[in-house]
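Listed here are the chains, written in short residue letters.
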Amino acid sequence: VQLQASGGGLVQAGGSLRLSCVGSGRTFSTSAMGWFRQAPGKEREFVATINWNGGSTDYADSVKGRFTISRDNRKTTVYLQMNSLKPEDTAVYYCAARRSLVYSRYAPDYDYWGQGTLVTVSS
């Protein structure tokens, strides 16, 4: 699976952005997907994950209630809707796919990674 993330940009605090990650390859529809982020000088951290059919999701506590992960397997795309953005959400956001139907919070569980898209939230 090859992954291409997009949708990042500059937004004011309180604003919204929607990230997209388009996957290629026949296995997208049977792959759990995740979003991770890495802020300058910090380690990569988990943001959200979704199982193969979109029936189950999980979120980091820091984004719960503000971010929503979803997927459209017909379009081989996973989304991250980000609302009520805060300056601390500033980071490069990465999408990832794993060869499993089941989601995971753990980066080592993922087999494929996109190139990242930068989100900057100004105060």
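This one's a predicted model, so the numbers in the text were calculated from it and none came from an experiment.

Draft legend 1. View of the overall build of the chain. For the chain, the helix and strand inventory stands at zero helices and eleven strands. Secondary structure elements of the chain, listed N to C terminal, follow the sequence β-β-β-β-β-β-β-β-β-β-β. Relative to its length of 123 residues, the chain is compact, with a C-alpha radius of gyration of 13 Å against a globular reference of 14 Å. Here the chain, with 123 residues, has 46% of them falling under the buried criterion. In the form shown here, the chain has an accessible surface area of approximately 6300 Å², with 47% of it arising from carbon and sulfur atoms.

Draft legend 2. Quick peek at the sheet that holds strand β8 (residues 77-82). An order of β1-β3-β8-β7 is seen for the four strands of this open sheet, with the pairing classed as antiparallel. The sheet terminates laterally at β1 (2-6) and β7 (67-72), the two strands that pair on one side only. Neighbour to neighbour, the strand axes of the sheet diverge by 15 degrees on average, direction disregarded. Both β1 and strand β3 (residues 17-24) contribute to a ladder of five bridges, which runs antiparallel.

Draft legend 3. Expanded view of the pairing of strand β9 (residues 91-98). Taken across its eight residues, β9 has seven buried, putting it largely inside the fold. Summarising the sheet, strand β4 (residues 32-38) and β9 pair through seven bridges and their orientation is antiparallel. Within β9, the position partnered with Gln38 by the bridge is Val92. Judged from the two bridges that link them, β9 and strand β10 (residues 112-113) form a sheet pairing that is antiparallel. In the strand pairing of β10, Ala97 is matched with Tyr112.

Draft legend 4. Structural view of the side chain of Arg37. Mapping Arg37 onto the fold places it in strand β4. Side-chain polar atoms of Arg37 contact the side chain of Glu45, separated by 2.6 Å. A polar side-chain atom of Arg37 sits 2.9 Å from a polar atom in the side chain of Tyr93. The residues touching Arg37, leaving out its near neighbours within four places in the chain, are Glu43, Arg44, Glu45, Val47, Ser62, Val63, Phe67, Glu88, Asp89, Ala91, Val92 and Tyr93.

Draft legend 5. Structural detail: the nonpolar core. Within the largest apolar cluster, 34 residues are counted, with the highest numbers of intra-cluster contacts made by Trp35, Leu80, Met82 and Tyr93. Residue assignment for this core shows that the elements contributing at least two residues are β1, β3, β4, β5 (45-50), β7, β8, β9 and β11 (117-122). Ranked by the residues each element gives to this core, the list is headed by β9, at five residues.

Draft legend 6. Focus on the side chain of Arg98. On the secondary structure map, Arg98 appears in strand β9. No salt bridge forms around the buried Arg98; measuring N to O, its nearest opposite-charge neighbour Asp109 is 4.2 Å away. A distance of 3.3 Å separates a polar atom in the side chain of Arg98 from the backbone oxygen of Asp109. Once residues within four sequence positions are removed from consideration, Arg98 is found in contact with Ser31, Ala32, Tyr103, Ser104, Asp109, Tyr110 and Asp111.

What counts and what doesn't
- Residues numbered from 1 in each chain as written.
- Predicted model: local features only at pLDDT ≥ 70, side-chain atom pairs only at ≥ 80, totals over all residues.
- Heavy atoms only, no water.
- Helix = DSSP H or I, 4+ residues; strand = E, 2+ residues; numbered from the N terminus.
- Rg over C-alpha atoms; globule rule 2.2 N^0.38 Å.
- Buried < 20%, exposed > 50% of the residue type's maximum accessible area, 1.4 Å probe, protein only.
- Areas by Shrake-Rupley, 256 points an atom, 1.4 Å probe, with all protein chains shown as cover.
- Pairing = 2+ DSSP bridges.
- Axes fitted to C-alpha atoms, helices over the stretch in contact; angles between N-to-C directions.
- Polar contact = N/O pair within 3.5 Å; in protein donor to acceptor, adjacent residues only side chain to side chain.
- Contact = heavy atoms within 4.5 Å.
- Core = buried A, V, L, I, M, F, W, Y, C linked by side-chain atoms within 4.5 Å.
- Lys, Arg positive; Asp, Glu negative; His and termini not counted.
- Salt bridge = Lys/Arg side-chain N within 4 Å of Asp/Glu carboxyl O.

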